[in-house]
Amino acid sequence: MPDKRIDHAIAMAHEAGKLALEFQADPERMKIREKGHLDLVTAADHAVEDLLRKRISGFDPKSAILGEEAGLAGGAGATWILDPIDGTVNYSRGMPDWAISIAFYDGRELACGVIHAPALGLTAHATRGGAAFINGVAVRMDGATAQAPIVSLGYSPRSSLSDYLSRIEKLLAEGVEHRRHGAATIGLLGVLAGWFDAYFEPRLNVWDAAAGLVLIEAAGGVVRHDPMKQFLKGPSDVFVHNGMGANVIAALGLSDTAG
Ligand code: LIP
């Protein structure tokens, strides 16, 4: 079954990606609504999550489903974890840096994950214990920090603004660049792809991160977050890196044993 799950996840991600692009091409159809401070939701988020739930119920009716928009359906144990459109603010403005995130938790650990960024033409997938792939090409992290280290940072009103600003100041003092995409999946995909050396976001929701965590671990990267049983119930600080220097980890105010 595990291999079939990843095949189903990749197929669902591509079908959902086509639907999301159709909505994005028609701003009227997106029906953008404010969900909270710096947080939006569109009709596409709901349509994509509905499609993913329908497909999962067809091939894996016994597992629970936890999605950003419709919450948890089913009990504890094996769970599909969905973010129908991660980076909704970017998506709503017609930008390309957003993604569909699909992960499967087998009741003990994250077993497989897919990040599909249709407007960027990128699909990353991995099964726990196997390799990580981007567009079918295996990816492995070598731990080398580039000449110009870059850290992808996330921020939301769920965490401290002053801590975020202080983090940027400390990174720049260490000669480390930062980027903020407003989409955890782009930060995580960026670490996998070698664009960034690390991604850190405090108080991130599990649906934003789950697939990316499988990908980074499969590629030999370091992942730090709360234990999954806790993460499934509420936000966690998420820190992933490619084995980068301790100075940068210190500049982030983290320790590599965090989480
Ligand atoms: C977003 C995350 C991002 C976080 C935003 C938001 P969404 O997910 O990917 O990292 O900083 O607040 O939660 O809401 O676009 O799916």
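Residues numbered from 1 in each chain as written. Predicted model: local features only at pLDDT ≥ 70, side-chain atom pairs only at ≥ 80, totals over all residues. Heavy atoms only, no water.

1. Examining helix 5 (residues 161–173)
So the rule is basically this: The numbering of helices and of strands both runs from the N terminus, where a helix is a DSSP run of H or I of at least 4 residues and a strand a run of E of at least 2. Helix span is expected to be 1.5 Å times the residue number reduced by one. We call a residue buried when its accessible area falls under 20% of the maximum for its residue type, exposed when it is over 50%, and partly exposed in between, using a 1.4 Å probe and counting protein chains only. To be clear, the arc concerns the directions from the helix axis to the C-beta atoms.
Compared with an ideal rise of 1.5 Å per residue, which puts 13 residues at 18 Å, helix 5 spans 19 Å between its outermost C-alpha atoms and is within 8% of the ideal. Three or more residues of helix 5 are buried, namely Y164, R167, I168 and L171. Looking straight down helix 5, one finds its buried side chains confined to an arc of 95°; they lie on one side. Away from its buried face, by an angle of more than 90 degrees, helix 5 presents the exposed residues S162, E169 and A173. Where helix 5 ends, the next residue or the one after it, G175, has phi of about 75°, a positive value.

2. Remarks on the pattern of salt bridges
Oppositely charged side chains can pair when the atoms bearing their charge come close. Put simply, the test is: By definition, a salt bridge exists where a carboxyl oxygen of Asp or Glu is found within 4 Å of a side-chain nitrogen of Lys or Arg.
Taken as a whole and assessed by the stated rule, the structure comprises ten salt bridges. Linking E49 and R53 is a salt bridge whose minimum nitrogen-to-oxygen distance equals 2.9 Å. With E49 and R53 both in helix 3 (residues 43–59), this residue pair falls four residues apart, about one helical turn. Exposure remark for E49: the relative accessible area of 1% places this residue in the buried category. On the accessibility criterion, R53 (13% relative accessible area) is buried.

3. Considerations on the sheet that holds strand 9 (residues 132–134)
Strand pairing in a sheet relies on backbone hydrogen bonds, with the paired strands running either antiparallel or parallel. Defined as follows: When DSSP finds two or more bridges between two strands, those strands count as paired. Orientation is described by axes fitted as lines to C-alpha atoms, over the contacting stretch for helices, and by angles from 0 to 180 degrees between their N-to-C directions.
The eight strands are arranged 4-3-5-6-7-8-9-10 in an open sheet whose pairing can be described as mixed. The sheet is open, and its two borders are formed by strand 4 (71–73) and strand 10 (137–139), each paired with just one other strand. Shown here is a sheet whose adjacent strand axes are inclined to one another by a mean of 15°, direction ignored. Taken together, the six bridges between strand 7 (residues 110–117) and strand 8 (residues 122–127) define a ladder with antiparallel strand orientation.

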